[in-house]
Amino acid sequence: MVHTGAVTLAAAALLAALPVNAGLYSKNSPVIQVDGKNYDRLIAQSNYTSIVEFYAPWCGHCKNLQPAYEKAAKNLAGLAKVAAVDCDQESNKPFCGQFGVQGFPTLKIIKPGSKSGKPVVEDYNGPRTAKGIVDAVVDKIPNHVKRVDDKTLEGWLADSNNTAKAILFTDKGKTSALLKSIAIDFKGSIHVAQIRNTDKEKASLELFGVTKFPTLILLPGGKEAEGIVFDGEMKKEAMIAFLSQAATPNPDPAPAKVKLPKAKDSKKAPKAKESTNSAEDAATATEEVLEGEATESPPPEVEHEKPIVLPEPAPPIDILDTEKELHIVCLGSKTGTCILVLLPNSPDEVGAAAVGSFSEVAHKHKLHNRKLFPFYVLPEKNGGYTQLKSALGMGNGLEIIAVNGRRGWWKKLPSDGTIAAKDVTEEAIENWVDAIRLGEGAKEKLPEGLIPEEEEPAVEEEKPAEEPVVVEEVKAEEAKAEEPTTASPEPHDEL
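Residues numbered from 1 in each chain as written. Predicted model: local features only at pLDDT ≥ 70, side-chain atom pairs only at ≥ 80, totals over all residues. Heavy atoms only, no water.

(A) Structural context of the overall build of the chain. For the chain, the helix and strand inventory stands at 17 helices and 16 strands. Considering the chain as a whole, with its 495 residues, one finds that 39% of them fall into the buried category. Here the analysis covers contacts within the chain between residues at least 6 apart in sequence; of these, 77% occur between residues at least 24 apart. (Helix = DSSP H or I, 4+ residues; strand = E, 2+ residues; numbered from the N terminus. Buried < 20%, exposed > 50% of the residue type's maximum accessible area, 1.4 Å probe, protein only. Contact = heavy atoms within 4.5 Å.)

(B) Representation of the side chain of S50 in the model. Mapped onto the fold, S50 is located in strand β2 (residues 50-55). According to the relative accessible area criterion, S50 is buried, its value standing at 0%. When neighbours within four sequence positions are excluded, S50 is seen to be in contact with I43, K81, K108, I109 and I110.

(C) Highlighting the environment of I141. Tracing the backbone through its elements, the reader meets I141 in the loop between α5 (130-139) and β6 (146-147). For I141, a relative accessible area of 5% translates into the label buried. For the pair I141 and S181, spaced 40 residues apart in the sequence, the C-alpha separation amounts to 7.8 Å. Leaving out residues up to four positions away in the same chain, I141 has contacts with T49, L79, A177, K180 and I184.

(D) Main features of the pairing of strand β15 (residues 409-413). Among the five residues in β15, five count as buried, and that is most of the element. Residues W409, K411 and L413 line one face of β15 and the alternating positions W410 and K412 line the opposite face, and both faces are buried. From the end of strand β14 (residues 399-404) to the start of β15, which pair antiparallel, there are four residues, and G408 there has a positive phi angle of about 75 degrees. (Pairing = 2+ DSSP bridges.)

(E) Looking closely at the packing of aromatic side chains. Using the criterion set out here, one finds 11 aromatic pairs in the structure. A connected cluster of aromatic rings, assembled from ring pairs, spans Y39, F54, F95 and F99. Sitting over the ring of W156, K165 keeps its end group 5.9 Å from the ring centre. The ring of W409 is capped by K443, whose NZ or CZ atom sits 5.1 Å from the centre of that ring. (Phe/Tyr/Trp six-rings, centres within 6.5 Å; stacked < 30°, edge-to-face > 60°. Lys NZ or Arg CZ within 6 Å of the ring centre and 35° of its normal.)

(F) The arrangement of the confidence of the model for the chain in detail. Overall, the prediction assigns the chain a mean pLDDT of 79, with 74% of residues at 70 or greater. Between the elements of the chain, mean pLDDT differs from a low of 35, seen in helix α11 (residues 279-293), to a high of 97, seen in β2. In this model residues 15-21 is a low-confidence stretch, pLDDT under 50, and it forms seven contacts with partners more than four residues away in sequence or in other chains. Low pLDDT, under 50, characterises residues 263-297; the predicted model gives this stretch 16 contacts beyond four residues in sequence or across chains. (pLDDT = per-residue confidence, 0-100.)

(G) Representation of the state of the cysteines within the structure. Per the counting criterion, the structure on display carries two disulfides. Residue C87 pairs covalently with C96 via a disulfide, S to S 2.1 Å. Here the S-S torsion is close to -90 degrees, and the disulfide linking C87 with C96 is therefore left-handed. As far as the burial class goes, C87 and C96 line up, both buried. Residue pairing for C330: its cysteine sulfur links by disulfide to C338, the two sulfurs lying 1.8 Å apart. Like C338, C330 is buried. Should the bonded cysteines of the chain be numbered as they appear in the sequence, the pairing reads 1-2, 3-4. (Disulfide = S-S within 2.5 Å.)

As C-alpha cells, then:
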C-alpha cells in the first residue's frame, strides 16, 4: 500500500531542499513591493488606482500568476499601480489579515475614494491573465477629464479663468487611459478637457485653428493668455513635460513627512558655533527623523467587501516508497494508466513545481467528483526508480511519464528534450493529462521484462473443474476494465 503518512514529511523535505526565496518579485521588477508601513503612502494616499496581490512565495498559483502579473505591471506603467504584498513575512501577516486574506493569491483593486486617504477596495475575480488584469484596472481609473462641445466650451473656459487648462481635440469618443492619467497628475492645477471631432463641434475647431487630430492645446491661464499647441509625440513623458510649463505635476507617491526636532526654548540667543552645523550632520539628522517616524499604516477601509470563497488546499500526491508498491499500482500486468513523477534526491524548483501542479490538478478533479487515473511521486530511494529509468533509457534528472501496464505503453513529458518550467505549470499539466485521457499523441511500447508476468493461482490446479468459471470472471472483469470511456473531458478551469 502507499504510505500516505510520509507525504507531509516528504513535502516539507522537498521545500527545504529548494533555495530560499525572499519573495516572488525582485527589486528590478515592475511590481511595487508593499507592506504594512508603506501601504498608506504608496497606495491609500495615491490619486491613482492600484491592484494589489497578496501572495506567499511557496504558493503554486502565485508562481503561475507571476509572469502575467509582471506583464500587466509593464503595460500599466504610468497609468495605474501594480503592487504585491508577501503575506508569508511575519511582519505582514497582521496587515494581510486586515484585508481578509484567507488564501493565495488574493487580488484587490484599490481606487481613490471620495475622501483623500480612504480608498475603495474591491475584490478582483477576473481572468488571471495580463490582459484581464489590465482591462479591469483601466476600467477603474478615475476620470477627471471634462467632455465639452461647442455649447459648453465657453462656460468651461470661463470657470476658474486664472487656472491653467488643457484641451485634447481627438477623433475618438472614449477618453483614453493616457489622458485620464495626465488629468490625475495635474489634478487641482490644470483642468483637462476633451473635444471630439464631429460636425457639431466646428466652432470649437475654428476657434483654436485645429485641423489635425489628435491635437493638444495648453491654456496657461489669465484673460490675455494664448493657447500653446503641443507639437511632440503623444506619449506621456513628453506630454507631462509640455504641461509642466504651466504647473508642476503632483508628486506620487506622496513625500514622506519629515518631523523636525523641536527647538528648545531659551532666552539667550544661540551661539554661532551651534548654528553652523555641517551639511553632513543635517543629512544624518534628517535620516534619523525619517526612520523614527516610520509607523504602521492605518487599517484599510474596505467598502462593499464581498466574502472570499476559497477552495480547499490541495494535499500533495502520494509517494511510492517501495518497489513492491510501484508494481502493485503502476507496473503490474493488470494495472491501468498512472502517472509517475520520478523525483531525484536533490530536486530543483522545476521538480517542486511539478509536484505542486499535479497535486492541484488531482485535487481539482476530486472536488468535482471526476474520475481520473492516479498520480504518484517515485523518489530516487525507491528500488524501482533506477530500474525503470535504465529500462526506458532516461538520464539522472527529473522525469515525468504516463504508463499503462495492462496495455504495455508509456509516454514522456515532454516527448523530447528536458523538462522546463513551462512544462510543469498547472495549465500545461492539465492539457497533457487531458490528451492522455483522449488517447491523443504517440505512445511507446514498454520494454520486455519491465512488467512481471502473472503467475497462475494455486487454487486453479487443485480444482480444475472451477477453472472455466474463474477464467470467465477474469475475462469479464478485464473486458469491463478495458471498455473505452465515452465521457467528454471536463472543461479546463482557468486559474
